[in-house]
Amino acid sequence: MPSASKFWDRIAERYARQPIADEAAYQKKLQLTREHFTPDMRVLEFGCGTGSTALVLAPHVAHIHAIDISPKMLDIARQKAAANHIDNVTFELASIDALDATEPRFNAVMGHSILHLLDNKDETIAKVYRLLTPGGVFVSSTMCIADSFKMRMIKAVVSVGALFGLLPQLRAFTQKALLNSFTTAGFEIAHQWQPKPNSAVFIIARKPAGPTRP
Ligand SMILES: C[S@@+](CC[C@H](N)C(=O)[O-])C[C@H]1O[C@@H](n2cnc3c(N)ncnc32)[C@H](O)[C@@H]1O
């Protein structure tokens, strides 16, 4: 993990300056997310990066606890929160791997452009399920590398950099496998959308409101 956080620290300033690749798709994802959010909600975002999504959605919920492993990403996020006078987002240096999940304590969890970076997405999805209160939603946007020849080629190149600790390791799985991970964890798929072939897959998954698995 330390080398991963060094990589994200190194690119944080550049990442913050990068324009959103598909603004229309991003706006639609925000809109779909807002439809599942209510003003009383407590939300977790893991891998929040420079905080853009958390800060846009903050006015629609009670509180967002946003975590990331990169101190530099979080510095930028905190500066943006202060500049925009947003005080209901807490930014914390933490890995999703280390987050305590003994009690359900969030009504919604977001994880964007992160599941394909984790050593074990299934463990994380199961952890998110435990963190959510019944009826809670997990909103994610994930590149399904194994579905795309181009992305598989990029992964091959990135893997060489990862061997030397220069780039983060990417995990390749298909959209079908990702959906299977959600349903195996106990989630129901409320929304699934891929704006373009080979773009990230946007999923809103719900923890059933009734009796759930522990
Ligand atoms: C591709 S960026 C995505 C940032 C943001 N979610 C977005 O959509 O713009 C991935 C982020 O995940 C963070 N990250 C990587 N592994 C993590 C982990 N195990 N726990 C929390 N954050 C992590 C990185 O530091 C980085 O800021």
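Attention here is on the structure that accompanies the text.

In this section: the overall build of the protein chain. Helices and strands together make up the secondary structure of the protein chain, namely 7 helices and 7 strands. Start at the N end of the protein chain and walk to the C end: the helices and strands fall as α-α-β-α-β-α-β-β-α-β-α-α-β-β. Against the globule reference of 17 Å for 214 residues, the protein chain gives a C-alpha radius of gyration of 16 Å, in line with a compact fold. Here the C-alpha coordinates of the protein chain stretch approximately 45 × 40 × 35 Å along the principal axes. Burial analysis of the protein chain (214 residues in total) assigns 35% to the buried set. Relative to all contacts within the protein chain whose residues are 6 or more apart in sequence, the contacts with residues 24 or more apart total 68%.

By size, the foremost hydrophobic cluster in this structure holds 50 residues, and its most contacted members are Ala54, Ile64, Ala77, Val89, Ala108, Val109 and Phe138. Considering every element that reaches this core, the biggest residue donor is helix 4 (residues 71-83), with 5 residues. Discounting chain neighbours no more than four positions away, the residues touching Ala108 are His36, Phe37, Met41, Val43, Gly136, Val137 and Val139.

Moving on to unusual backbone geometry. One non-glycine residue, His85, adopts positive backbone phi at about 55°. Residue placement: His85 occurs in the loop between helix 4 and strand 3 (89-93). Here the phi dihedral of Ser113 falls at roughly 55°; this positive angle occurs in a residue that is not glycine. With respect to the helices and strands, Ser113 occurs in the loop between strand 4 (106-112) and helix 5 (121-131). A count of 14 C-beta atoms within 10 Å places Ser113 in the partly exposed class.

Attention now moves to the site of the ligand. Around the ligand, the surrounding shell holds 19 residues, and the nearest of these are Trp8, Gly47, Gly49, Ser70 and His112. Every element with two or more residues in the shell around the ligand is listed here: helix 1 (2-17) and strand 2 (63-68). Among the residues forming the shell around the ligand, the class breakdown is 11 nonpolar, 6 polar and 2 charged.

An order of 3-2-1-4-5-7-6 is seen for the 7 strands of this open sheet, with the pairing classed as mixed. A single partner strand is all that each edge strand has here, and the edge strands are strand 3 and strand 6 (188-193). Neighbouring strand axes in the sheet, compared pairwise and without regard to direction, differ in orientation by 15° on average. Here strand 4 runs beside strand 5 (residues 132-142); their pairing, made up of 6 bridges, is parallel. Its bridge partner being in strand 5, Gly111 is matched across the sheet by Ser140. Along the sheet, helix 4 makes contact with strand 2 and strand 3, crossing strand 3 at roughly 165°. Those strands touched by helix 5 are strand 1 (42-46), strand 4 and strand 5, and its axis lies near 145° from that of strand 5.

Pairing geometry for strand 2 and strand 3, over 5 bridges, is parallel. Bridging across to strand 3, Ile64 finds its partner in Val89. Handedness of the β-α-β unit built from strand 2, helix 4 and strand 3 comes out right-handed.

So, about the packing of helix 5 against helix 7 (residues 175-185). Two elements in contact, helix 5 and helix 7, have axes whose closest approach is 9 Å; the angle formed by their N-to-C orientations is 40°. One element, helix 5, and the other, helix 7, form an angle in the oblique class. The hand of the helix 5/helix 7 crossing is right-handed. For the pair formed by helix 5 and helix 7, the contact residues are Lys121, Asp122, Ile125, Ala126 and Tyr129 on the first element and Ser181, Phe182 and Ala185 on the second. In terms of residue class, the contact of helix 5 with helix 7 is made up of 5 nonpolar, 1 polar and 2 charged.

Parameters and conventions
Residues numbered from 1 in each chain as written. Predicted model: local features only at pLDDT ≥ 70, side-chain atom pairs only at ≥ 80, totals over all residues. Helix = DSSP H or I, 4+ residues; strand = E, 2+ residues; numbered from the N terminus. Rg over C-alpha atoms; globule rule 2.2 N^0.38 Å. Buried ≥ 20, exposed ≤ 12 C-beta atoms within 10 Å, placed from the backbone. Contact = placed C-beta atoms within 7 Å. Core = buried A, V, L, I, M, F, W, Y, C linked by C-beta atoms within 7 Å. Near = placed C-beta within 6 Å. Nonpolar A, V, L, I, M, F, W, Y, C, P; charged D, E, K, R; others polar. Pairing = 2+ DSSP bridges. Axes fitted to C-alpha atoms, helices over the stretch in contact; angles between N-to-C directions. Right-handed = clockwise from strand over helix to strand, strands pointing away. Parallel < 35°, antiparallel > 145°, perpendicular 65-115°, else oblique. Left-handed = near helix turned anticlockwise from the far one by under 90°.

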